[in-house]
Amino acid sequence: MMWKSTFTAAASLFELQQRQMEIGVFPKFPSFLFFTHQQITTSTASTTKISPSSRNNGGFCNNYSTLHSVADAVASFNELLSIRPMPPVVEFNQLLGSLVKKKHYSTVISLCKQMDLSNIRPDVYTLTILINCFCHSNHDHFHFAFSAFGKMFKLGLPPTNVTFNTLFNGLLSKAKITDAEKMFVEMVKMGYEPDVITYSTIINGLCKTGNTTRALHLIKKMEEKGCKPAVATYNTIIDSLCKDKRVNQATEFLFEMFDRGIPPNVVTYSSILHGFCKLGRLNEATSLFNQMVERNVMPNTVTFTILVDGLCKEGMISEARCVFERMTEKGVEPNVYTYNALMDGYCLRSQLDEAQKLFNIMVRKGCAPSVRSYNILIKGHCKSGRIDEAKGLLTEMSHKALTPDTVTYNTLMKGFCHVGRPQDAQMLFKEMCSYGLLPNLITYSIVLDGLCKHGLLDEAFKVLKAMQERRIEPDIFIYTILIRGMCNFGKLEAARELFSNLYVKGIQPDVVTYNVMISGLLKEGLSNEACELFRKMAVDGCLLNSCTHNLIIQGFLRNGDTSNAVQLIEEMAGRGLSADSSTFQMLLDLESYDEIIRRFLHGNSQDRKMK
């Protein structure tokens, strides 16, 4: 879900770093950071002259945040270059910094190159800005960040903590965890004291890459060194633990925050709420939500949406509606994700009219529906058998300039197949492809299942061929659909051949595939062959389930083979499985006519009495 990004801790670390720039001491260059020196070559920024802007503060413009475009920034840069005597480097740094804030990284790289060509000596801040741009560049410029880092030593400029933190960010964004950890060790060896941002940066990178345990080790080390974690540090750890379903441990960190006098914020609570909701622990989620309000931490749209979504997924639609109404009473505006969560809840409970009313409220309040909003309603209509209304929503999407996605078409196609209109599903399939949407395995399985269930096997194999031409390899689920279709419509020989070819293709049949094939053989009265396949399942390492046993027992009973049926019932009981209601009813129906069945049922009855 989109709100998950809200939980990403330390999202604005670089801005914090810029406010905490301090000059450090750098006794020696760390050995592992030596790189082959590469000349930084980038395209030079345009030097087209633009009329000079007004200046202040002794001729220098100190507010580059007012620049509206890259062209304005380049013009101001060229203006600085033309001034004599040359302005101090800090003036260039301010201009470069304004471009970084607007994410014009490649422009900054080009302007730094021009400064170099103009013999303007950079300071540590210039090179830190350049390192940051190389780390964020869309091009493969990351290795140049270390060239710029090496240049600091060449010029005798000691890096700051911000320089290190910027490099940590770069390494971790490239998932270079080991390199970041080595660099951290070297940083400490050289006498630098990592600050809260250094620790938080590395912890954030470790958590993002799924290394939560290593992050936990680092936060412990951080505390041992007397560096107090920030709220953002805790939030990162808590969010990562919740994503790993370790919500109890995340809650322990929440209590630790209280003990250390660090007040949790809305992100802290939202992360744990999300963790509880994902595990279906709604009572604890609701309790935490109330605790949050009692502590005067105001829930935001994300928090309310998490709780609404969690309640809806557990079928607690009335409670979800109460939370939704409480949200609006508190003046917190629902967003499209909130509306979608509640609409989905209504549709899951087949309360389609309520879902439609909510959709209309959303539109009336100026909240634009998303493709997901329409997908929810389409699924609800299909579930209720209102397939033409669902198709009408597809048309409405085009009027709203919303492009349907694969899920939209998959849902509609499944709906058409469900109501016995596989040809309409095929037409939608063709329409989908004509719009450039790529069908996936789910798409093909829906279309093939619809065609096979209605005996349109020739059409099904045409779809299969088209699928293979697109280099999408069918999985066992697809082959099982085809085998079932052939068995149901008198194509047993073809089904046998396709089943045998699975081994040639290197595809292992699963229990469902075996069950379908056994059922097909029994339907044709081939009890012995069905029994052989049943025995082969165990040899092939495919676990027999209750369905398999009941299926073959019922087949034997229908074919009058009561002796083998009873033997299999005893085997089934020995495996701790039980006969289903259909099997038991068949046994009761045959009791009057078959001595073996009568004795079997009578014996079981006596056994139960003795127990």
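What you are looking at is a predicted structure, and each value in this text was computed from that prediction instead of being measured.

Colleague: I'd like a rundown of the overall build of the protein chain, residues and numbers included.
Modeller: Scanning the protein chain from N- to C-terminus turns up 32 helices and 0 strands. Evaluated residue by residue, the protein chain yields a buried proportion of 49% over its 611 residues. If you take every contact in the protein chain between residues at least 6 apart in sequence, the share linking residues at least 24 apart comes to 64%. When the accessible surface of the protein chain is summed, it comes to about 30,100 Å², and 52% of that surface belongs to carbon and sulfur atoms.

Colleague: Any chance you could break down the pattern of salt bridges for me, citing the residues and the numbers?
Modeller: Enumeration according to the criterion identifies 19 salt bridges in this entry. Here Arg575 and Glu571 are joined by a salt bridge, their closest N and O atoms 3.9 Å apart. Residues participating in the shared-partner salt-bridge network are Asp388, Arg421 and Asp424.

Colleague: Kindly report on the environment of Phe184, identifying the contributing residues and their values.
Modeller: Relative to the helices and strands, Phe184 resides in helix α8 (residues 177-189). Along the sequence, Phe184 and Tyr199 sit 15 residues apart, while their C-alpha atoms lie 9.3 Å from each other. Among residues more than four places away in sequence, those in contact with Phe184 are Phe168, Pro194, Thr198, Tyr199, Ile202, Leu218 and Lys221.

Colleague: Go over the packing of aromatic side chains with me, naming the residues and quoting the values.
Modeller: Throughout the structure, instances matching the rule amount to 15 aromatic pairs. Ring geometry for Phe77 and Phe92: centres 5.7 Å apart, planes at 75°, overall edge-to-face. Of the two residues, Phe77 sits in helix α2 (residues 70-82) while Phe92 sits in helix α3 (residues 89-101), which places them 15 residues apart along the sequence. This pair shows no difference in class: Phe77 is buried, exactly as Phe92 is. Ring pairing ties together the aromatic residues Phe149, Phe153, Phe164 and Tyr192, which thus form one cluster. Residue placement shows Arg295 over the ring face of Phe258; its charged tip is 3.9 Å from the ring centre.

Colleague: Quick rundown of the environment of Val100? Include the residues and the values.
Modeller: If you trace the backbone, Val100 turns up in helix α3. A relative accessible area of 7% means that Val100 is categorised as buried. In the structure, Val100 is positioned 29 residues away from Ile129 in sequence and 7.8 Å away in space, judged by C-alpha atoms.

Colleague: Please provide a residue-by-residue account of unusual backbone geometry, values included.
Modeller: With omega at 0°, the peptide bond leading from Arg84 into Pro85 counts as cis. You will see that Asn296, though not glycine, has its phi angle at about 65°, which is positive. Along the polypeptide, Asn296 turns up in the loop between α14 (282-294) and α15 (301-313). Relative accessible area serves as the criterion here: at 73%, Asn296 is assigned to the exposed category. Backbone geometry at Ser350 places phi at a positive 60°, although glycine is not the residue there. Mapped onto the fold, Ser350 is located in the loop between α17 (336-348) and α18 (352-364).

Colleague: Describe in detail helix α19 (residues 371-383), supporting the description with residues and values.
Modeller: In a regular helix each residue adds 1.5 Å, so 13 residues correspond to 18 Å; α19 covers 18 Å between its end C-alpha atoms and thus fits that length. Within α19, 10 of the 13 residues are buried, leaving the element largely enclosed by the surrounding structure. Among all positions in α19, only Val371, Ser373, Tyr374, Asn375, Ile376, Leu377, Ile378, Gly380, His381 and Cys382 are buried. Packed against the buried residues of α19 are α17, α18, α20 (387-399) and α21 (406-418). After α19 finishes, the residue Gly385 shows a positive phi value of roughly 80°.

Colleague: Quick one: what's the story with the packing of helix α13 (residues 266-278) against α15, residue by residue and with numbers?
Modeller: α15 packs onto α13 with a crossing angle of 10° between their chain directions and a minimal axis gap of 9 Å. It follows from the interaxial angle that α13 and α15 lie roughly parallel. Contact with α13, carried on its side by Val266, Ser270, Leu273, His274 and Cys277, involves Thr303, Ile306, Leu307 and Gly310 of α15 and no other residues of that element. Here the contact of α13 with α15 is built from residues that sort into 5 nonpolar, 4 polar and no charged.

Colleague: Could you give an account of the confidence of the model for the protein chain, naming the residues involved and the relevant values?
Modeller: Looking at the protein chain as a whole, its pLDDT mean stands at 84, while 86% of the residues score no less than 70. Of the regions scoring below 50 in pLDDT, residues 1-61 engages in 126 contacts with residues more than four places distant in sequence or in other chains.

Colleague: Tell me what's going on with the packing of helix α12 (residues 247-259) against α13, and back it up with residues and numbers.
Modeller: Two packed helices can be described by the angle between their axes and the distance between those axes. Where α12 contacts α13, the two axes come as close as 10 Å, and the packing angle between them is 155°. As summarised for this structure, α12 and α13 are arranged roughly antiparallel, according to the angle between their axes. α12 and α13 meet at a crossing whose hand is left-handed. Taking contact as the criterion, the partners of Val247, Ala250, Thr251, Leu254, Met257 and Phe258 in α12 are, on α13, Thr268, Tyr269, Ile272, Gly275 and Phe276. In terms of residue class, the contact of α12 with α13 is made up of 8 nonpolar, 3 polar and no charged.

Colleague: Give a description of the side chain of Asp344 that names residues and reports values.
Modeller: Among the secondary structure elements, Asp344 is positioned in helix α17. With relative accessibility at 15%, the residue Asp344 sits in the buried group. Contact partners of Asp344, with chain neighbours within four places excluded, come to Arg372 and Ile376.

Colleague: Which residues make up helix α4 (residues 105-117), and what are the values?
Modeller: Here α4 is 13 residues long and its end C-alpha atoms lie 19 Å apart, about the 18 Å a rise of 1.5 Å per residue gives. Most of α4 sits inside the fold, with 10 of its 13 residues counted as buried. Residues Tyr105, Thr107, Val108, Ile109, Ser110, Leu111, Cys112, Lys113, Gln114 and Met115 constitute the buried set of α4. As for α4, its buried residues are in contact with α2, α3 and α5 (124-136). Positive phi appears at Asn119, one or two residues downstream of α4, with a value of about 60°.

Colleague: Can you tell me about the nonpolar core, naming the residues and giving the values?
Modeller: Core analysis: the biggest nonpolar cluster contains 179 residues, and Ile237, Ile272, Leu342, Met413, Leu482, Ile483 and Met517 have the highest contact counts within it. Not counting residues within four places of it along the chain, the set of residues in contact with Met517 comprises Ile483, Cys487, Leu492, Ala495, Arg496, Phe499 and Leu533.

Colleague: Just give me the short version of the environment of Met316, but keep the residues and values in it.
Modeller: With respect to the helices and strands, the residue Met316 is situated in the loop between α15 and α16 (317-329). Here the alpha-carbon distance between Met316 and Arg349, two residues 33 residues apart in the chain, equals 9.6 Å. Non-local contacts of Met316, meaning those with residues more than four positions away in its chain, are made with Leu282 and Leu311.

Colleague: Account for the state of the cysteines, with residues named and values stated.
Modeller: Structurally, a disulfide amounts to a covalent bond that connects the sulfur atoms of two cysteines. Counted by the stated rule, this structure contains 0 disulfides. Of all cysteine sulfurs, the one in Cys133 lies closest to Cys112, which takes part in no disulfide; the gap is 6.7 Å.

Basis of the calculations
- Counting starts from 1 at the beginning of each chain's written sequence and moves along it residue by residue.
- Whole-chain, interface and lining totals are the exception, using all residues; otherwise, since this is a predicted model, local features are given only for residues with pLDDT of at least 70 and side-chain atom pairs are given and counted only at 80 or more.
- As a convention, hydrogens and water are excluded, and side-chain values are obtained from all of the structure's heavy atoms.
- What counts as a helix is a DSSP run of H or I of at least four residues, what counts as a strand is a run of E of at least two, and both are numbered from the N terminus.
- Burial classes: relative accessible area under 20% of the type maximum marks a residue as buried, over 50% as exposed, and values in between as partly exposed (1.4 Å probe, protein chains only).
- By definition, residues are in contact when any of their heavy atoms lie within 4.5 Å.
- All accessible areas in this document rest on Shrake-Rupley with a 1.4 Å probe, and a residue is counted as covered only by the protein chains that are shown.
- When a carboxyl oxygen of Asp or Glu is within 4 Å of a side-chain nitrogen of Lys or Arg, the pair counts as a salt bridge.
- Each aromatic pair joins two rings of Phe, Tyr and Trp (for Trp, the six-membered one) with centres within 6.5 Å, and gets the label stacked for planes under 30 degrees apart, edge-to-face for over 60, and tilted for any other angle.
- Definition used: whenever NZ (Lys) or CZ (Arg) falls within 6 Å of the ring centre and also within 35 degrees of the ring normal, the charge is taken to sit over that ring.
- One fewer than the residue count of a helix, multiplied by 1.5 Å, yields its expected span.
- Axes here mean lines fitted to C-alpha atoms, for a helix over just the part in contact, with angles spanning 0 to 180 degrees between N-to-C directions.
- Convention used here: angles under 35 degrees read as roughly parallel, angles over 145 as roughly antiparallel, angles from 65 to 115 as roughly perpendicular, and any remaining angle as oblique.
- Gly counts as polar in this scheme, as do all residues outside two lists: the nonpolar Ala, Val, Leu, Ile, Met, Phe, Trp, Tyr, Cys and Pro, and the charged Asp, Glu, Lys and Arg.
- Residue-level confidence of the predictor is what pLDDT reports, using numbers from 0 through 100.
- Definitions for this section: a left-handed crossing has its near helix turned counterclockwise from the far helix by less than a right angle. A right-handed crossing has that turn clockwise.
- Nine residue types can take part in a nonpolar core, namely buried Ala, Val, Leu, Ile, Met, Phe, Trp, Tyr and Cys, and a core is a set of them joined through side-chain atoms within 4.5 Å.
- Disulfides are defined in this document as cysteine sulfur pairs within 2.5 Å.

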